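Survey of secondary and tertiary structure
Listed here are the chains, written in short residue letters.
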Amino acid sequence: MEEPIKIGHDKFYIGEGETARRELRVVKVSDDVIQVQEEVHGIIALVGASSSVNIKKEELRNLIKVVKEEFGWTDICE
């Protein structure tokens, strides 16, 4: 797998004066599969069997740009 490309980041307040840092990245897994990774730092523990990724409008624009320019998916959103 290739190195992930960062498409977004931010910080948010989680309580008791603690701020979490979030990064959203994308990596090409194969010619027709990408993986979106959301990494959050600053929360003591996350437990669960499922996960989701929150994508902001600007991050989605960046994602489309990356998969077109870096991964060659020219048929996205045309």
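Note that the structure is predicted; figures quoted are calculated from it, not measured. (Residues numbered from 1 in each chain as written. Predicted model: local features only at pLDDT ≥ 70, side-chain atom pairs only at ≥ 80, totals over all residues. Heavy atoms only, no water.)

Take the sheet that holds strand 2 (residues 18–30) next. Taken together, 3 strands build an open sheet; the order of strands is 1-2-3 and the sheet is antiparallel. Of all the strands in the sheet, the pair left with one neighbour each is strand 1 (5–15) and strand 3 (33–41). Across the sheet, the mean angle from the axis of one strand to that of its neighbour is 20°, orientation sign disregarded. Relative to strand 2, strand 1 runs antiparallel, the two sharing 9 bridges. For F12, the partnering residue across the bridge sits in strand 2 and is A20. (Pairing = 2+ DSSP bridges. Helix = DSSP H or I, 4+ residues; strand = E, 2+ residues; numbered from the N terminus. Axes fitted to C-alpha atoms, helices over the stretch in contact; angles between N-to-C directions.)

Our focus in this paragraph is helix 1 (residues 57–69). In this model, helix 1 (13 residues) spans 18 Å end to end at C-alpha, consistent with the 18 Å of a helix rising 1.5 Å per residue. By the burial criterion, the buried members of helix 1 are E59, L63, V66 and V67. Projection of helix 1 onto a plane perpendicular to its axis shows the buried side chains occupying an angular sector of 90°, all on one side. Those residues of helix 1 that are exposed and aimed more than 90 degrees away from the buried face are K57 and E69. Those residues of helix 1 that are buried are in contact with strand 1, strand 2 and strand 3. (Expected span 1.5 Å × (residues − 1). Buried < 20%, exposed > 50% of the residue type's maximum accessible area, 1.4 Å probe, protein only. Arc of directions from axis to C-beta. Contact = heavy atoms within 4.5 Å.)

With that settled, the discussion passes to the confidence of the model for the chain. Overall, the predicted model of the chain reaches an average pLDDT of 82, with 85% of residues at or above 70. Confidence, expressed as mean pLDDT per element, reaches its minimum in the chain at strand 3 with 86 and its maximum at helix 1 with 91. (pLDDT = per-residue confidence, 0-100.)

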